Amino acid sequence: MLLLAVVLCGCVSVACAADSDDDAIVVRDIPRHYVQFSVGDPLMNGWFGGYFGFCDMGDPFGDPGSWFTPDVYTRTAAILPSFAVNYRYAIKYWLHLGVEVYYGGKYSRQHDRVTDEFVGTTDITQLSILPSIRFQYLDRPVVGLYSGVSVGVLFAIESDYLDPKPRFDAVLPAFQLTALGVRVGNRVYGTAEIGVGHKGFFNIGVGARF
């Protein structure tokens, strides 16, 4: 009986040690903090901001208050990609919560249609703030796969040749759905994502985790 008790105690000790080792594996020292910068296409921002004329139907009769203003056209325009900076905290290795800030815009030079003289600029700046959640499918030291969703608000700031002082033009909902993202690298890494939203349909980025 004494021998049996010793054997049982030994088995329990080994099992507890193994369980402790398993727990150590489960709660391994994973990176908790993620900081990332990315660049995406401007198509969604352009649609919301009317860059491409999708949202601007115009007024065929014009505004009576603007009948005597110059008839202008856009000679050059710079449509910026969507720049994004985000911070995430890994609650679990597969679950990240964070916040993203996006910046984009269209900056154009207006010229008089008759005299071709430079009249001024028309600028549209978009700033978006979006809380985000990310789900990690695969989290290995040098590669990761994930999806995510971000929902927040977009602030449109506009100025034009008639009123060059920047002003808030609109407050709109903003979102980003990331269908698939790939991380390559460990502490310093690169990313590529496909999805839909203000971050773009396709974007690439660099980041660090610690």
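Procedures and definitions
- Residues numbered from 1 in each chain as written.
- Predicted model: local features only at pLDDT ≥ 70, side-chain atom pairs only at ≥ 80, totals over all residues.
- Heavy atoms only, no water.
- Helix = DSSP H or I, 4+ residues; strand = E, 2+ residues; numbered from the N terminus.
- Buried < 20%, exposed > 50% of the residue type's maximum accessible area, 1.4 Å probe, protein only.
- Contact = heavy atoms within 4.5 Å.
- Areas by Shrake-Rupley, 256 points an atom, 1.4 Å probe, with all protein chains shown as cover.
- 1 Å grid on protein atoms, 1.4 Å probe; cavity = no way out; pocket = protein on both sides within 12 Å on 5 of 7 lines; lining within 4 Å.
- Points joined across faces, edges and corners; volume = space filled by probe spheres on them.
- Nonpolar A, V, L, I, M, F, W, Y, C, P; charged D, E, K, R; others polar.
- pLDDT = per-residue confidence, 0-100.
- Salt bridge = Lys/Arg side-chain N within 4 Å of Asp/Glu carboxyl O.
- Polar contact = N/O pair within 3.5 Å; in protein donor to acceptor, adjacent residues only side chain to side chain.

*Asks:* Please set out the overall build of the protein residue by residue, giving values where relevant.
*Replies:* The secondary structure content of the protein amounts to 2 helices and 9 strands. Helices (α) and strands (β) of the protein occur, in sequence order from the N terminus, as α-β-α-β-β-β-β-β-β-β-β. Relative to its 210 residues, the protein shows a buried fraction of 33%. Within the protein, counting contacts between residues at least 6 apart in sequence, those at least 24 apart form 60% of the total. Accessible area for the protein stands at about 12,400 Å²; split by element, carbon and sulfur atoms hold 71% of it.

*Asks:* Describe empty space enclosed by the protein, naming the residues involved and giving the relevant values.
*Replies:* Evaluated as defined, the whole model comprises 2 cavities of 30 Å³ or more. Its boundaries defined by the atoms lining it, the largest cavity holds a volume of some 70 Å³. Lining the largest cavity are 13 residues, with Glu-100, Arg-134, Gly-148, Ser-150 and Thr-178 sitting closest to its centre. Counting residues per element, the ones that place at least two in the lining of the largest cavity are strand S4 (95–112), strand S5 (118–139), strand S6 (143–159) and strand S7 (167–185). When grouped by side-chain class, the residues that make up the lining of the largest cavity number 3 nonpolar, 5 polar and 5 charged. Of the volumes computed, that of the second largest cavity is approximately 30 Å³. Lining of the second largest cavity is provided by Tyr-34, Gln-36, Arg-88, Arg-134, Gln-136, Tyr-146, Arg-183, Tyr-189 and Thr-191. Secondary structure elements with two or more residues in the lining of the second largest cavity: strand S1 (33–40), S5 and strand S8 (188–197).

*Asks:* Any details on the confidence of the model for the protein? Residues and values, ideally.
*Replies:* In the predicted model, the protein carries a mean pLDDT of 80, and the fraction of residues at 70 or more is 76%. Taken together, the stretch residues 52–65 has pLDDT below 50 and engages in 10 contacts with residues farther than four places along the chain or on a different chain.

*Asks:* Tell me what's going on with the pattern of salt bridges, and back it up with residues and numbers.
*Replies:* Side chains that differ in sign of charge can pair as their charged atoms come close. In total, this model carries 8 salt bridges according to the counting rule given. Residue Glu-193 is joined to Arg-134 by a salt bridge in which the shortest nitrogen-to-oxygen separation is 3.3 Å. Here Glu-193 is found in strand S8, whereas its partner Arg-134 is found in strand S5, with 59 residues between them in sequence. Judged by relative accessible area, which is 1%, Glu-193 ranks as buried. Notably, a salt bridge pairs Asp-160 with Arg-167, separated by 3.0 Å at the nearest N-O pair. Salt bridges sharing common partners tie together Glu-100, Arg-134, Glu-193 and Lys-199.

*Asks:* An account of the side chain of His-111 is needed here, citing residue identities and associated values.
*Replies:* Within the element layout of this structure, His-111 appears in strand S4. Judged by its relative accessible area of 5%, His-111 is buried. In this structure the side chain of His-111 is engaged in a polar contact, spanning 3.3 Å, whose partner is the backbone oxygen of Asp-116. Residues in contact with His-111, not counting those within four places in the same chain, are Asp-71, Val-72, Tyr-73, Arg-75, Asp-116, Glu-117, Phe-118 and Val-119.

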